[in-house]
Amino acid sequence: MSERYPAMPARNPAPPYKRIATEEAWLPPELMDRYKKELEAKNIQDPGFYSLWGFFASGSTPKARAHSSRIQSLGEERIADMDGSGIDMQVLALSSPGVQIFDPVEASALAREYNDQLAEGIARHPDRFVGLAAFSPLDPDNAAKELERGVKQLGLRGGILNSHTLGTYLDDPKYWALFEAAEALDVPIYLHPNTPSPQMIDPFLPRGLDAAVYGFACETGLHALRLVVSGLFDRFPKLQIILGHCGEALPYWLYRIDFMHGHISVTGRYPNVGPLKRRAWDYLCDNFYYTSSGVGWAPPIQYVQDVIGVDRMMYAMDYPWQFVADEVGALDAMNISDAARKAFFEDNARRVFKIT
Ligand code: MN
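Below is a short write-up of the structure. These numbers were taken from a predicted model, which means no experiment stands behind them.

### Comments concerning empty space enclosed by the protein
- Tallied over the full model, the rule gives two cavities of 30 Å³ or more.
- The space that makes up the largest cavity amounts to roughly 60 Å³.
- Around the largest cavity sit Glu 23, Glu 24, Ala 25, Ala 93, Leu 94, Ser 95, Ser 96, Ile 160, His 192, Asp 318 and Trp 321, which together line it.
- Of all the elements in the fold, those that place two or more residues in the lining of the largest cavity are β1 (20–26) and β2 (89–94).
- Among the elements that make up the lining of the largest cavity, the one with the highest residue count is β1 (three residues).
- Taken together, the residues of the lining of the largest cavity sort by class into five nonpolar, three polar and three charged.
- Lining the second largest cavity are Ala 21, Glu 24, Asp 81, Met 82, Ser 85, Ile 87, Gln 90, Met 317, Tyr 319 and Phe 323.
- Elements with a contribution of two residues or more to the lining of the second largest cavity: β1 and α4 (76–85).

Right, dumping it as structure tokens:
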């Protein structure tokens, strides 16, 4: 093995902290069936959906079949995997793209149905699961109401937004009822990857770069930055967004994003880009949490802890999309303080998702 991939240390079977995995995917069997029908009907204008679910809903390989079984479980199979990999709790969310490929009215009805199902699944294992509410982003008043219903009536701990919705990004204020509700409810919105929007996916597809290899990060990082520079956080200064995959690389770009946005926002070069109340740097530190999903490797995790803060970096596995049991042992062994390790695996998630 090369030095970049050190041998995985054995997982500590009884560490002095709980391990809470914060970006874990679930797909109801009914939604899997809907995806299969849409894949055949080919009415949806989103090439990324066909690329991703065309493979994973096909059942054509052992990998696709195992994934399909795991992602639909809210019971024994999932809990056995959690026990086998040392995960005490999962924060569950409807898998990408969730209901966001359907027309806004249908998506609203489906979000409600699946949030009810998720809450029922959580109620059967309340010591193992909490969850996030799905909603229809292009139906913003309904999305706000569904988030509120999910939090107040179903006990969900925030919302899940799978990046673009049929090519639409939420930096336009006409969609901000959702964010207003999230701030008022004091719950986070997890800005989770989707495949690149129809406008940007073409150059990714021929080399298979549209999904987790790179496209997810480009798409989701772009969406996050559109929110930052739109002034969203000036309007809702307490709003908290969560980014996976060590922040979709945005923390690495922090200096240049901040420097260059500070420049273009005062030159008048772009008609819709003006100065914000704070620096881009400040929003990315104070309005975002970050998780390690899909990155079972200490250097970028420690980097986010260093530049953003130990209190804003949380563990996630990205089960079952990237179910790598060995990463838990590698991250148990990170060369950081015991307090930073407990913050990463447990304390931050308890605070952000109100897990008692
Ligand atoms: Mn994920």
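### A short note on a nonpolar patch on the surface
- On the surface, a nonpolar cluster with roughly 440 Å² of combined accessible area is contributed by Tyr 255, Phe 259, Met 260 and Trp 281.
- Ranked by the residues each element gives to the nonpolar patch, the list is headed by helix α11 (residues 250–267), at three residues.
- Following the sequence through the fold, Phe 259 ends up in helix α11.
- Classification of Phe 259 as partly exposed rests on a relative accessible area of 47%.

### Digging into the sheet that holds β1
- Taken in spatial order, the three strands of this open sheet run β1-β2-β3, and their pairing is parallel. Whereas interior strands pair on both sides, the edge strands pair on one side only; in this sheet they are β1 and β3 (129–131). Across the sheet, the axes of successive neighbouring strands diverge by a mean angle of 35°, strand direction being ignored.
- Two elements, β1 and β2, share five bridges in a ladder whose sense is parallel. Across the sheet, residue Ile 20 finds its bridge partner in β2, namely Met 89.
- Docked against the sheet, helix α5 (residues 104–124) engages β1, β2 and β3, running at close to 160° with respect to β3.

### Focus on the coordination of the manganese ion
- Each protein donor to the manganese ion is listed here as Glu 23 (OE), His 192 (NE2) and Asp 318 (OD); together their distances run 1.9 to 2.2 Å.
- In the primary sequence, the donor residues of the manganese ion line up as E-x168-H-x125-D. Of this pair, His 192 sits in strand β5 (residues 189–192) while Asp 318 is found in the loop between β8 (313–314) and α14 (326–332), placing the two residues 126 residues apart along the sequence. The pair formed by His 192 and Asp 318 is uniform in burial state, with each residue classed as buried.

### Here's the deal with the environment of Leu 243
- Mapping Leu 243 onto the fold places it in strand β6 (residues 241–243).
- Here Leu 243 falls in the buried class, since its relative accessible area comes to 0%.
- For the pair formed by Leu 243 and Tyr 175, sequence separation is 68 residues and the distance between their alpha carbons is 19 Å.
- Those residues in contact with Leu 243, other than ones at most four positions away along the chain, are Tyr 190, Leu 191, Thr 220, Ala 224, Glu 248, Leu 250, Phe 288, Tyr 289, Tyr 290 and Thr 291.

### A word on the pattern of salt bridges
- Taken as a whole and judged by the stated rule, the model has 16 salt bridges.
- The partner of Arg 278 in a salt bridge is Asp 286, and the shortest N-O contact between them spans 2.7 Å.
- With relative accessibility at 33%, the residue Asp 286 sits in the partly exposed group.
- Residue Asp 338 is joined to Arg 341 by a salt bridge in which the shortest nitrogen-to-oxygen separation is 3.5 Å. Placement of both Asp 338 and Arg 341 in helix α15 (residues 338–352) is noted, with a separation of three residues, approximately one turn of the helix.

### A few points about the sheet that holds strand β7 (residues 288–291)
- Read across the open sheet, the five strands follow the order β4-β5-β6-β7-β8; overall the sheet is parallel. Each edge of the sheet is formed by a strand with only one pairing partner; in this case those strands are β4 (159–162) and β8.
- Pairing between β4 and β5: four bridges, direction parallel. Across the sheet, Asn 162 pairs through a bridge with His 192, a residue of β5.

### A short note on unusual backbone geometry
- Cis geometry marks the peptide bond from Ser 96 to Pro 97, where omega comes out at 0°.
- Tracing the backbone shows Pro 97 in the loop between β2 and α5.
- Here the amide bond leading from Tyr 319 into Pro 320 is cis, since omega sits at -10°, within 30 degrees of zero.
- Here Pro 320 is to be found in the loop between β8 and α14.
- Backbone geometry places Ala 249, a non-glycine residue, at a positive phi of 75°.
- Positionally, Ala 249 belongs in the loop between α10 (245–248) and α11.
- Under the relative-accessibility criterion, Ala 249 is labelled partly exposed at 36%.

Rules behind the numbers
- Residues numbered from 1 in each chain as written.
- Predicted model: local features only at pLDDT ≥ 70, side-chain atom pairs only at ≥ 80, totals over all residues.
- Heavy atoms only, no water.
- 1 Å grid on protein atoms, 1.4 Å probe; cavity = no way out; pocket = protein on both sides within 12 Å on 5 of 7 lines; lining within 4 Å.
- Points joined across faces, edges and corners; volume = space filled by probe spheres on them.
- Helix = DSSP H or I, 4+ residues; strand = E, 2+ residues; numbered from the N terminus.
- Nonpolar A, V, L, I, M, F, W, Y, C, P; charged D, E, K, R; others polar.
- Patch = residues over 30% accessible without salt bridge, like charges linked within 9 Å, V, L, I, M, F, W, Y side chains within 5 Å.
- Areas by Shrake-Rupley, 256 points an atom, 1.4 Å probe, with all protein chains shown as cover.
- Salt bridge = Lys/Arg side-chain N within 4 Å of Asp/Glu carboxyl O.
- Buried < 20%, exposed > 50% of the residue type's maximum accessible area, 1.4 Å probe, protein only.
- Pairing = 2+ DSSP bridges.
- Axes fitted to C-alpha atoms, helices over the stretch in contact; angles between N-to-C directions.
- Contact = heavy atoms within 4.5 Å.
- Donors = N, O, S within 2.8 Å, 3.2 Å for Na, K, Ca; no water.

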